[in-house]
Protein chains: 2
Amino acid sequence: MTAASATGIASRLAQGAMTSVALAQAALDRISAENDRDRIFISVMADAAIEAAQASDARRAAGHALGPLDGLPIAVKDNIDVAGSITTSGSRHDFGGPAGADASVVARLRAAGAVILGKLNLHEGALGATTDNPFWGRCENPAVPGHTPGGSSGGSGAVVAAGIVPIALGTDTMGSVRIPAAYCGLWGLKPTRGLVSTSGLHYLSWTLDTIGPLATSAADLALAITAMAGHDARDPRSAAAPAGWSAALGAAPSLDGITLGRIDAASLADCEPAVVEAYDALLDGLSRQGATLRSVTVEGWEPGKARRAGLLMSEAECGSLIGEALDMHPDRFSQGFRDMIAYGRGARAERLAKAYWLFDALSAAALAALSGVDAIVLPTAPQRAFPHGAPAPANQADFTALANIAGLPAVAFPLPAPDGGAPASAQLLGHPFSEGRLLSIAEQAAG
Amino acid sequence: MTAASATGIASRLAQGAMTSVALAQAALDRISAENDRDRIFISVMADAAIEAAQASDARRAAGHALGPLDGLPIAVKDNIDVAGSITTSGSRHDFGGPAGADASVVARLRAAGAVILGKLNLHEGALGATTDNPFWGRCENPAVPGHTPGGSSGGSGAVVAAGIVPIALGTDTMGSVRIPAAYCGLWGLKPTRGLVSTSGLHYLSWTLDTIGPLATSAADLALAITAMAGHDARDPRSAAAPAGWSAALGAAPSLDGITLGRIDAASLADCEPAVVEAYDALLDGLSRQGATLRSVTVEGWEPGKARRAGLLMSEAECGSLIGEALDMHPDRFSQGFRDMIAYGRGARAERLAKAYWLFDALSAAALAALSGVDAIVLPTAPQRAFPHGAPAPANQADFTALANIAGLPAVAFPLPAPDGGAPASAQLLGHPFSEGRLLSIAEQAAG
């Protein structure tokens, strides 16, 4: 099944070559036929989607189309509120019944005309990266059958890779947008902290969580993030993008004059050889295209230690929010999830404080490492998609968590598999609010 | 002893009516004569002060005076590094010996020509508000003999109230600049989070701590904060002030057209009657001067609950930083301080996470309460200075902690005592980076 292009669909809609209703219906038909097997969706809002598509077609017929997202089907990770739908966060709990309102980011996309098809499977509680969900099923990776799509936004990767929708929303706490993008051969964007409101997100960690899009190209991510970004007084971390912020491509029309940071070979020691090979080939290509490469070091960054600190922060913050629900309804959460949350709740406060302190230090170090370079190039994950049921490597988020810790934007993009197998992936980590520049550089890097 | 005015001294220095060396020597003589009794200073750097004063006089003689702070004696709370001096934070510990460098804010003041006389007594660990220090003595309140100067920046209040220096640096975690300003009849400024670098501060809570000046007038605070403010890459919370930021007075040339928020009578239930009387008189005066008063509510703000959350955050964050030093050298800290830190270290992480979450909610609520008003008027503390040795009220920081929680600026200024006794105090809590406007409004409010 070919993955769908948002810009391509938008242009066919604009030309009258297809209708939004036909698009939505085709997607719903596929979900009906395939979801028992693929476990990509947790819930589907078929009637509302058809109604929204009809409204879009009517606007277009009247000459009042809202913009490039008008009529495009999208899908939303099931830890983000969509009005009228229960947000499960991948557990069996209903957290008080159907959401009364759309999350701010969903409302923004809806206002831009996007048609919301349904809610996507995820790793339970967004706390893990296989999306082999004990309640909602083992989500398949359409790019590498039988393998995990990654996580925690596994359904968000799978739904785009399957070509059911061109854009899906995921959430990224330590890599949960970028890891599924990597495993599914897609593009994924983790925005600057505060650029996209997280109001209406069921937090794993309010400190680390960001909402980001997955799609099949830089242009599609630019389209999505432009609609998603915007200040929101309901989110205390919301930050207005600086004047001139734009995710539009073209900020870096060539790689000439671009300086990129690379990490040293020792940092790649735990990577699968194919990932290292793909990373090295990418750096060679960047250099040939005129980019200057420079070794950078993030002072004090020990990926494993930072990851464990992020995990404790996630477990404690999540536990502080849903601990009571978990105590009252233990059967609605898996034993494994309960154990992780119990660990975070019961840890000594001193350890949690140390985790916050480490994050401050690493934020400063990441900004220092970026001074003098346009972006830092990293592998997205140390490995590629692995078979469902295989033990999950502990280090999946080692390269991705830094962006969450430092609140920086990062774009993951696919690299050709050197062995013809599953796709590899790299990410560009950039300065605050440099989404547009990162997407432009990545587009050229990806060739 | 009359308190000193920075602007007054600056103008006499500029006129050649006094020298910096004479000023420094007079202050040092007073310290020698009085410190055994008043316990305002923990350490004095007499030789370095005289040298700095000589250099200032030489600059001035050569026509190269640096600005209004050049040659002015100041003093620094002993939890802020001054190169070559041990920073005790009010304990007996040396935390690794003399500081190798000035804290960023000290370096800024030194670069502006200020003469640093010494390090000031504080409540042990900045964790309390009486400054009856078990190691460094009971700091006297020159404005109300036999009474506490407040805290934790008690020495900073006492040194200005005694007229030894016109400006002192304090730190404010939940009110530790404003409470001593209130008890000593002074002006105190808690700046917007990030405006003044905290690099070189020995944190109680890196989340809440800010460094602020105490002085005898709005004009002197404006002078001080202008020199103190500035972006510093060494502080991850450092924020560049927006273009046009200025602490200069005159931003609000009259109270006509100014709208101020007032809190309801129920919120004042636990206040000493004289504080309520002074607050009501202030509001009447503001109204007569043309200000519009409007009742405001900070949604979800329960001062006692917020204070307890701030205390846990302080104890846990401080414990995560100095816990090991405390375990190794228990005799260098008081039993009471050790107990508080042990409590914070050992609390469940879930509780600490809940405290951070509450703070986020209150930050948003405080900003919402400020929308439509220029500032909110509050008492500074629920009571006035109380006798040394009397039990410390638990609620001293109930009105001040909100500014720290929300990262907002607040200026405390003295109100006449309705009964002719100890001074009362009010504070203006304002929008981010509105220091200049707050000082202007407060100056007119204070009449």
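Everything numeric here is computed off the predicted structure, so don't read it as measured data.

Cut-offs used in this document
- Positions within a chain are numbered from 1, following the residues in the order the chain's sequence is written.
- Chain letters and ligand numbers both follow the written order, the letters beginning at A and the numbers at 1.
- Note on the predicted model: pLDDT of at least 70 is required for a residue's local features to be given, and 80 or more for side-chain atom pairs to be given and counted; whole-chain, interface and lining totals, by contrast, use all residues.
- Domains are outlined according to an automatic or database domain assignment.
- Distance between backbone-placed C-beta atoms decides contact: two residues are in contact if it is within 7 Å.
- Only DSSP runs of H or I with at least four residues qualify as helices, and only runs of E with at least two residues qualify as strands; both kinds are numbered from the N terminus onward.
- Under the grouping applied here, Gly and all other residues not named as nonpolar or charged are polar, the nonpolar ones being Ala, Val, Leu, Ile, Met, Phe, Trp, Tyr, Cys and Pro and the charged ones Asp, Glu, Lys and Arg.
- In this usage, the nonpolar core is the set of buried Ala, Val, Leu, Ile, Met, Phe, Trp, Tyr and Cys residues whose C-beta atoms join them within 7 Å.
- A residue is called partly exposed when the number of other C-beta atoms within 10 Å of its own lies between 12 and 20, exposed at 12 or fewer, and buried at 20 or more, with C-beta atoms placed from the backbone.
- Where helices are involved, their axes are fitted lines through C-alpha atoms of the stretch in contact, as for all axes, and angles between N-to-C directions lie from 0 to 180°.
- Here the word oblique covers every angle except those under 35 degrees (roughly parallel), over 145 (roughly antiparallel) and from 65 to 115 (roughly perpendicular).
- Crossing handedness follows the turn of the near helix against the far one: under a right angle anticlockwise gives a left-handed crossing, and clockwise gives a right-handed one.

On to the domain arrangement of chain A, then. Residue and element names in this part refer to chain A. Splitting chain A by domain gives domain 1 (6-228), domain 2 (259-301 + 360-445) and domain 3 (303-354). Look at where the C-alpha atoms of domain 1 and domain 2 centre, and you get two points 24 Å apart. Contacts between the two partners involve 36 residues from domain 1 and, on the opposite side, 32 residues from domain 2. Secondary structure elements with two or more residues in the side of domain 1 that touches domain 2: helix H6 (178-183), strand S7 (187-190) and helix H7 (218-228). Here the side of domain 1 that touches domain 2 gets 5 residues from one element, more than from any other, and that element is H6. Looking at the side of domain 1 that touches domain 2 residue by residue, the class counts come to 18 nonpolar, 12 polar and 6 charged.

The subject of this paragraph is unusual backbone geometry. Following Gly151 of chain A, the chain continues into Ser152 of chain A via a peptide bond in cis, with omega recorded as 5°. With respect to the element layout, Ser152 of chain A can be found in the loop between strand S5 (137-138) and helix H5 (154-161). Positive phi is not limited to glycine here, since Arg39 of chain B has a value of about 55°. Looking at the secondary structure, you find Arg39 of chain B in the loop between helix H2 (20-38) and strand S1 (41-44).

Below, the discussion takes up the nonpolar core. Counting 314 residues, the largest nonpolar core has Ile74 and Leu352 of chain A together with Ile74 and Leu352 of chain B as its most contacted members. Excluding anything up to four places from it in sequence, Leu352 of chain B contacts Ala349, Leu352 and Ala353 of chain A together with Leu312, Met313, Ala316 and Ala347 of chain B.

All names here are of chain B. Contact geometry of helix H7 (residues 218-228) with helix H13 (residues 435-445) gives a least axis separation of 9 Å together with a crossing angle of 165°. Classified by the angle their axes make, H7 and H13 are roughly antiparallel. The way H7 lies across H13 gives a crossing that is right-handed. Facing H7, whose interface residues are Ala218, Leu221, Ala222 and Ile225, H13 presents Glu435, Leu439, Ala442 and Glu443.

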